[in-house]
Protein chains: 2
Amino acid sequence: MKQAKKKIFQEFIAAKGLKSTRQRDIILDVFLSSDRHLSIEELYLKLRAKHPGIGYATVYRTLKLFAESGIAREIHFGDGQTRYEHLAAGEHHDHLVCTGCGTIVEFENEAIEQLQDEIAAGYGFLIKNHKLELYGLCAKCRG
Amino acid sequence: MKQAKKKIFQEFIAAKGLKSTRQRDIILDVFLSSDRHLSIEELYLKLRAKHPGIGYATVYRTLKLFAESGIAREIHFGDGQTRYEHLAAGEHHDHLVCTGCGTIVEFENEAIEQLQDEIAAGYGFLIKNHKLELYGLCAKCRG
DNA sequence: GCCATAATTGAAAGTGATTTTCAATATACA
DNA sequence: TGTATATTGAAAATCACTTTCAATTATGGC
Ligand SMILES: [Mn+2]
Ligand SMILES: [Mn+2]
Ligand SMILES: [Zn+2]
Ligand SMILES: [Zn+2]
């Protein structure tokens, strides 16, 4: 899993004529062993703990590359921070976000995806991607 | 329709101990007579055309109040600009966004909303609001 | 290995959108 | 009216990135 993503990234790097660097390896390692939905800031702090030399700009740049290579996806939950989550090829899911404690639940629903396509088709649209986020309170936070 | 929203906003202002001002009236007027999904910048420029004295900060602040009062909703289509659309109480819709020309189609789908509730319930969540955006190419842009 | 070439890096400066500050001004209501 | 309080616009500040640039590092060919 981790290895598969590392391989995909290495191949992406090679195919683009980019270089494999110590920093990219470290960032990928830490990223893949992190919780999903980490903000860039959170990942940066986590990185700094073990690898003090890594620059902010490098983290930003590298996460973009992860997304471009297909091993990660950029997400925005409306709090002004960009987050990245690791994602396998062909995988897709949507999110349930607790506005109380920040808990995030991932779900997939084929019926909704189907309906989305039908709606789009009805308006003549060809859908490339979509964003579905449900915000509310989790069981704990409902009190 | 416009009058109803004006009334709601006036009541909101009064209930909060805020004041009714010339600027708020003007901004509300221009906002309500504008296309939906205008960015703050676009609205600001439109305002400046007839009312050169209005400040940027006032527009930002006032739009926030509109959203808080329930007559408007803040939206983000991922282009880094905040937009506001006017919305009547109890009204809800989602968006289809053409990434080619920027066209936005609004739609409602009861079946999807229903499924969302079921999913949320399945995870013990109580949904407060949601965001569903379908991105792709409109009929024209598909070429 | 050693070199030339091109990509990468970190620090710092720059951006763009939005927010805050603050002194002047306007509103509400006694 | 008068007075307390909210509001305003301009400018400065903030926030989350993004770009610049000189120094450093990978890579591929000898
Ligand atoms: Mn996720
Ligand atoms: Mn809309
Ligand atoms: Zn919660
Ligand atoms: Zn289009």
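Residues numbered from 1 in each chain as written. Chains lettered and ligands numbered in written order. Predicted model: local features only at pLDDT ≥ 70, side-chain atom pairs only at ≥ 80, totals over all residues. Heavy atoms only, no water.

### Considering the coordination of the zinc ion (ligand 4)
All names here are of chain B.
- The zinc ion (ligand 4) binds to the protein through Cys98 (SG), Cys101 (SG), Cys138 (SG) and Cys141 (SG); the donor distances cover 2.2 to 2.4 Å.
- If you look at the zinc ion (ligand 4), its four donor atoms make angles of 103 to 116 degrees with each other, and the shape they trace is tetrahedral.
- Along the chain, the residues donating to the zinc ion (ligand 4) fall in the pattern C-x2-C-x36-C-x2-C.
- Of the residues examined, Cys138 reaches a relative accessible area of 8% and is grouped as buried. (Donors = N, O, S within 2.8 Å, 3.2 Å for Na, K, Ca; no water. Tetrahedral: all angles 85-135°; square planar, octahedral: opposite > 155°, others 65-115°. Buried < 20%, exposed > 50% of the residue type's maximum accessible area, 1.4 Å probe, protein only.)

### Concerning the protein's contact with DNA strand D
- The immediate surroundings of DNA strand D are formed by 21 residues, with Tyr60(A), Lys19(B), Thr21(B), Arg24(B) and Thr58(B) found nearest.
- Counting only atoms of DNA strand D within 4 Å of the protein, the sugar-phosphate share comes to 77%.
- Residue Ser20(A) places a main-chain N or O atom 3.1 Å away from a phosphate oxygen belonging to DNA strand D.
- At 2.7 Å from a phosphate oxygen of DNA strand D is found a side-chain nitrogen or oxygen belonging to Lys64(A). (Near = heavy atom within 4 Å. Polar contact = N/O pair within 3.5 Å; in protein donor to acceptor, adjacent residues only side chain to side chain.)

### With respect to the interface of chain A and chain B
- On the side of chain B, 32 residues touch chain A, which itself brings 32 residues to the contact.
- Between chain A and chain B the total buried area reaches about 2,900 Å² when both faces are included, carbon and sulfur atoms providing 69% of it.
- Broken down residue by residue, the surface that chain A buries against chain B is led by Phe125(A), Lys131(A) and Tyr135(A), which jointly contribute 21%.
- In this assembly, chain A and chain B are joined by zero salt bridges.
- Across the chain A-chain B interface, the total number found is 12 residue pairs in polar contact (both at pLDDT 80 or more).
- Its residues assigned to classes, the side of chain A that touches chain B shows 20 nonpolar, seven polar and five charged. (Contact = heavy atoms within 4.5 Å. Buried area = accessible area lost by both parts, 1.4 Å probe. Salt bridge = Lys/Arg side-chain N within 4 Å of Asp/Glu carboxyl O. Nonpolar A, V, L, I, M, F, W, Y, C, P; charged D, E, K, R; others polar.)

### Let's talk about the domain arrangement of chain A
All names here are of chain A.
- Per the domain assignment, the segments making up chain A are domain 1 (2-86) and domain 2 (94-142).
- Computed from C-alpha atoms alone, the centre-to-centre distance between domain 1 and domain 2 is 25 Å.
- Counting residues at the interface gives seven residues for domain 1 and seven residues for domain 2.
- When domain 1 packs against domain 2, the two sides together hide about 580 Å² of surface, and 53% of this comes from carbon and sulfur.
- Of all residues in domain 1, His37, His76 and Phe77 bury the most surface against domain 2, accounting for 73% of the area lost on that side.
- Inspection of the domain 1/domain 2 interface yields one salt bridge.
- Salt-bridge contacts for Glu106 lead to Arg36; the nearest nitrogen and oxygen are separated by 3.0 Å.
- Linking domain 1 with domain 2 are five residue pairs in polar contact (both at pLDDT 80 or more), by the criterion used here.
- When its residues are assigned to classes, the side of domain 1 that touches domain 2 shows two nonpolar, two polar and three charged. (Domains from an automatic or database assignment.)

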